[in-house]
Amino acid sequence: MFPNKLYINGEWLDTQEMIQVINPATKNVIGSTPNGGEIEAKLSVDAAYTALKEWSKKTADERSRLLLAWHRLIEEHRDELAEIMTMEQGKPFAEAKGEIDYANNYIAWFAEEGKRIYGETIPASSPTKRIIVKRQPVGVVAAITPWNFPAAMITRKVAPALAAGCTIVLKPSEETPFTALKLAEFSQQAGIPKGVINVVTGAPEPIATVWLRDDRVRKLTFTGSTRVGKILMRGAADTVKKLSLELGGHAPLIVTANANIDKAVEGAISSKFRNAGQTCVCTNRIYVDESIADEFSNRLAERVANLKVGNGFEENVSIGPLINDRAVQKVMEHIEDAVKKGANLLAGGNPLEKESGYFIEPTVLTNVTDDMTCMYEETFGPLAPVSSFKTIEEAIERANNTPYGLAAYVFTENINEAVDISEALDYGIIGLNDGSPSAVQAPFGGFKESGLGREGGHFGIEDYLEVKYISLRLN
Ligand code: NAD
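How each quantity is defined
Residues numbered from 1 in each chain as written. Predicted model: local features only at pLDDT ≥ 70, side-chain atom pairs only at ≥ 80, totals over all residues. Pairing = 2+ DSSP bridges. Helix = DSSP H or I, 4+ residues; strand = E, 2+ residues; numbered from the N terminus. Axes fitted to C-alpha atoms, helices over the stretch in contact; angles between N-to-C directions. Contact = placed C-beta atoms within 7 Å. Near = placed C-beta within 6 Å. Nonpolar A, V, L, I, M, F, W, Y, C, P; charged D, E, K, R; others polar. Domains from an automatic or database assignment. Buried ≥ 20, exposed ≤ 12 C-beta atoms within 10 Å, placed from the backbone. Right-handed = clockwise from strand over helix to strand, strands pointing away.

Novice: Just checking my understanding: could you explain the sheet that holds strand β19 (residues 429–432) for this structure?
Specialist: Pairing between the strands of a sheet is mediated by backbone hydrogen bonds and can be parallel or antiparallel. Pairing within the open sheet is mixed, and its 7 strands lie in the order β14-β15-β16-β13-β12-β18-β19. Edge positions in the open sheet fall to β14 (344–347) and β19, since each of these has one partner strand only. Strand after strand, the sheet turns through a mean of 25° between neighbouring axes, direction not considered. Here strand β15 (residues 363–366) pairs with strand β16 (residues 383–389) via 3 bridges, running parallel. Residue pairing for β16: Leu-365 is matched across the bridge by Pro-385. Each of β12 (251–255), β13 (283–289), β16, β18 (407–411) and β19 touches helix α9 (residues 261–273); the most contacted strand, β18, lies at about 165° to it.

As structure tokens, then:
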């Protein structure tokens, strides 16, 4: 069921060492993935660089047909891919199926968008000159992706890169390698030529170091923590690579006195508890107008107490396990720190001892203040801290008071308030009465330390293109 070889230059390669992969719902080893290193990293760039010549010369139509063939295979094998994902990552099976569909939409969307990589002609100042602007593929791309969305974080990069005419070397998270390798298997079956997509699994530093130093790699695209993003940004400086960084977040969710409380509670549930709170756009802090804070908190706690936690293959489970023991510890530290500093536990608050995996109860805290760790550090787990505010100005100031700037949410039925608040928030994505704003055709990305560049939509292909200006002098 699990592919356990590296995919380089259209071939499946073994390594001597392997890394075990664990199902976080059971803590059982479900398989192992190759521990690729410097040699494999270099081989992958050799393959991608060789393949670039032909791939970049194909017409957009030819590349589109191959991407759509890949899309069809993923669609046909959707449940198989989702099963692999639930086993290695833990998310509920229904959510995993949703992620495969979402991931696959990027392939279909960019297969079409590749046909719209337009150039320009610009009026010249001289009658004997012509100014022509073209867009061409940036070259070999290196992609490094996290474990929380084992398929979507990959296709968001691979699809626009291939549509633009680039080739790619990919290192998925060592925690979720199987979804990535299975996607590569389907790309091979779809007829995407050898060397166009290469997947190397293994410990991150040796692989990343080779890719960073190799000047044939012209772009690095990374999704993961801000800490690692900064390391990669420094490493990319020596060869001046183009960079896309999708990094951490600390999303505020503001509920004003004019909000529809039912909508706000549902928005908080979907933005906070999807993927057990392990998303970069996850609500991390909830600010509620003091006049409705108690009502909102009580209703949220009621909803949260009814969320079913368990193995993602069980019926009606909406919260799966966290990825590992460190993740459970971090959430517990955030809860304990807040309670010690005066927060009230309204729901949850404990690891689920009856379960065999890394489970934790979805938790609601009230009376939370900004000095509590959960209010400024990414929790990456099912903890919803609620704090009240007196004025909209105060809510905006507190919401913006963070080095992050990925997603923010606002709930209000007043149009003026909605516009004012969304314009004042320093965030790349605003969910206005909407707890799940991600969409393939929309630009996804953050301000400040949440990253550089955008994925999705026509913005998402720009980062894989270089602009070339041709100055033509006529006789
Ligand atoms: P992580 O930064 O630990 O790992 C991400 C990837 O980087 C993995 O493939 C990992 O193997 C690799 N990596 C780790 N150390 C490295 C190093 N020194 N050099 C090169 N590569 C290295 O992040 P994670 O724990 O896998 O994912 C969670 C983080 O990702 C959270 O901070 C979350 O907010 C962020 N994230 C952001 C987005 C976004 O679109 N902005 C989306 C999903 C996740």
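Novice: Would you explain the site of the ligand in this entry?
Specialist: Neighbouring residues of the ligand: 28 residues in total, closest Pro-146, Pro-204, Gly-224, Glu-246 and Cys-280. Where the shell around the ligand is concerned, the elements lending two or more residues are α7 (204–213) and α8 (226–236). Partitioned by chemical class, the residues of the shell around the ligand number 13 nonpolar, 10 polar and 5 charged. Counting contributing residues, the shell around the ligand receives three or more from each of domain 1 (6–247 + 450–473) and domain 2 (251–432).

Novice: What is the right way to look at the pairing of β19 in this model?
Specialist: Side-chain alternation along β19 places Ile-429 and Gly-431 on a buried face and Ile-430 and Leu-432 on a face that remains uncovered. Running through helix α13 (residues 415–424), the crossover from β18 to the neighbouring parallel element β19 is right-handed.

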